[in-house]
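# Structural description and commentary
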Amino acid sequence: MVLTHFKSVTMKKQYFIIIFIFITNFGFGQNNDGFIKYAGIYTAVQWSKGEDVLIIPQLYYYENDYYIEARFNYEEKNAFSLYLGRSFSGSGKTDYEIVPVVGLVIGESVSLSPGLISDIRFNRFSLSSETQFTIDLNGLNDYYFWDWTKFNFQVNKYFGAGGGMQFLYPNKEDPTIDFGPMLMFKFKSFSLETYSYSFWKENPTWVVAVEYSFSKD
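All values derive from a computational prediction rather than experimental measurement.

### Some points on the overall build of the protein chain
Helix and strand content of the protein chain: one helix and 13 strands. Reading the secondary structure of the protein chain in the N-to-C direction produces α-β-β-β-β-β-β-β-β-β-β-β-β-β. Burial status across the protein chain gives 45% buried among its 217 residues. The long-range share in the protein chain, meaning contacts at least 24 apart out of those at least 6 apart in sequence, stands at 44%. Counting only carbon and sulfur atoms, one obtains 61% of the accessible surface of the protein chain, whose full area is about 12,100 Å².

### A look at the packing of aromatic side chains
Tallying each qualifying case throughout the model produces 14 aromatic pairs. A ring pair is formed by Tyr195 and Tyr197, whose centres lie 5.5 Å apart and whose planes are at 5 degrees; its orientation type is stacked. Relative accessible area serves as the criterion here: at 3%, Tyr195 is assigned to the buried category. Geometrically, the ring pair formed by Phe199 and Trp200 is edge-to-face, given 5.3 Å between the ring centres and 80 degrees between the ring planes.

### Re the side chain of Asp178
Of note, Asp178 is situated in strand β11 (residues 176–187). Within the structure, Asp178 has its side chain in polar contact with the side chain of Ser198 (distance 2.9 Å). When neighbours within four sequence positions are excluded, Asp178 is seen to be in contact with Gly164, Met165, Gln166, Tyr197, Ser198 and Lys201.

### Details of the environment of Pro57
On the secondary structure map, Pro57 appears in strand β2 (residues 54–63). Residues Pro57 and Thr43, spaced 14 residues apart in sequence, show a C-alpha to C-alpha distance of 4.1 Å.

### Remarks on a nonpolar patch on the surface
A cluster of nonpolar side chains, namely Phe88, Tyr96, Ile98, Leu116, Ile120, Phe122, Phe125, Leu127, Phe151, Phe153 and Val155, defines an oily patch on the protein surface of about 940 Å² accessible area. Only β6 (94–106), β7 (110–122), β8 (125–136) and β9 (143–154) provide two or more residues apiece to the nonpolar patch. Considering each element in turn, the nonpolar patch owes the most residues, three residues, to β7. Within the secondary structure layout, Leu116 lies in strand β7.

### Describing the pattern of salt bridges
Pairing of side chains with opposite charge becomes possible as their charged atoms draw close. One pass over the full model with this rule turns up seven salt bridges. Two residues, Lys77 and Asp52, come together in a salt bridge whose shortest N-O distance is 2.7 Å. In this pair, Lys77 is assigned in the loop between β3 (66–72) and β4 (80–86) and Asp52 in the loop between β1 (39–47) and β2, connecting sequence segments 25 residues apart. According to the relative accessible area criterion, Asp52 is exposed, its value standing at 51%. Here the salt bridges share partners, and the residues they tie into one network are Glu69, Arg71, Glu75 and Glu130.

What counts and what doesn't
Residues numbered from 1 in each chain as written. Predicted model: local features only at pLDDT ≥ 70, side-chain atom pairs only at ≥ 80, totals over all residues. Heavy atoms only, no water. Helix = DSSP H or I, 4+ residues; strand = E, 2+ residues; numbered from the N terminus. Buried < 20%, exposed > 50% of the residue type's maximum accessible area, 1.4 Å probe, protein only. Contact = heavy atoms within 4.5 Å. Areas by Shrake-Rupley, 256 points an atom, 1.4 Å probe, with all protein chains shown as cover. Phe/Tyr/Trp six-rings, centres within 6.5 Å; stacked < 30°, edge-to-face > 60°. Polar contact = N/O pair within 3.5 Å; in protein donor to acceptor, adjacent residues only side chain to side chain. Patch = residues over 30% accessible without salt bridge, like charges linked within 9 Å, V, L, I, M, F, W, Y side chains within 5 Å. Salt bridge = Lys/Arg side-chain N within 4 Å of Asp/Glu carboxyl O.

Don't take any of this as a statement about function, it's just geometry.
In structure tokens form, the structure reads like this:
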């Protein structure tokens with residue numbers, strides 16, 4: 001999901017907008033035979049008491065087995081990141097996809113970010129995660145491990161329920177874990193997810209995310 005433990009940066013948003021428009025225009029009209037949608041936009045709005053509201057867009061695109069993803073506000077506030085990878089997938093009783101990626105994060109500093117995106121589906125159950133190990137190239141001893149995992153049980157065509165977990169382990173700080181329930185609503189190419197991380201604490205984190213897929217079901 002989103003890393004909110006880092007300081008604000010001054011990168012110009014125009015870089016993200018230009019690349020976002022380019023990838024979107026390039027994505028329409030292309031074909032992909034994978035079981036996971038070939039292109040889409042996933043935008044989350046995250047807030048908690050005493051913190052700024054964050055809008056985190058992610059755009060992903062497949063060209064055959066090759067994968068591209070652009071993010072903004074994900075690794076740190078006002079940071080732009082671009083990830084490239086290759087998809088390995090299979091289908092049967094269980095559908096799965098594994099995408100090793102490597103990314104470049106441009107924010108307060110420049111970071112290299114290898115990672116793994118995975119998705120498993122069995123009947124109405126799905127499990128997915130985004131995992132990364134991000135290294136500051138301006139100081140190689142400054143790095144962190146991050147994982148966002150979510151699971152969902154599709155109750156019917158339109159409604160699902162599950163949960164999400166965010167795990168952050170900076171090399172210079174103690175690890176933090178946030179988790180909570182998730183509800184999902186789907187209609188055609190749109191889906192809506194709502195999360196409540198650490199809802200039992202004084203200041204829980206709330207997330208509402210909308211996804212639009214350019215693929216055919």
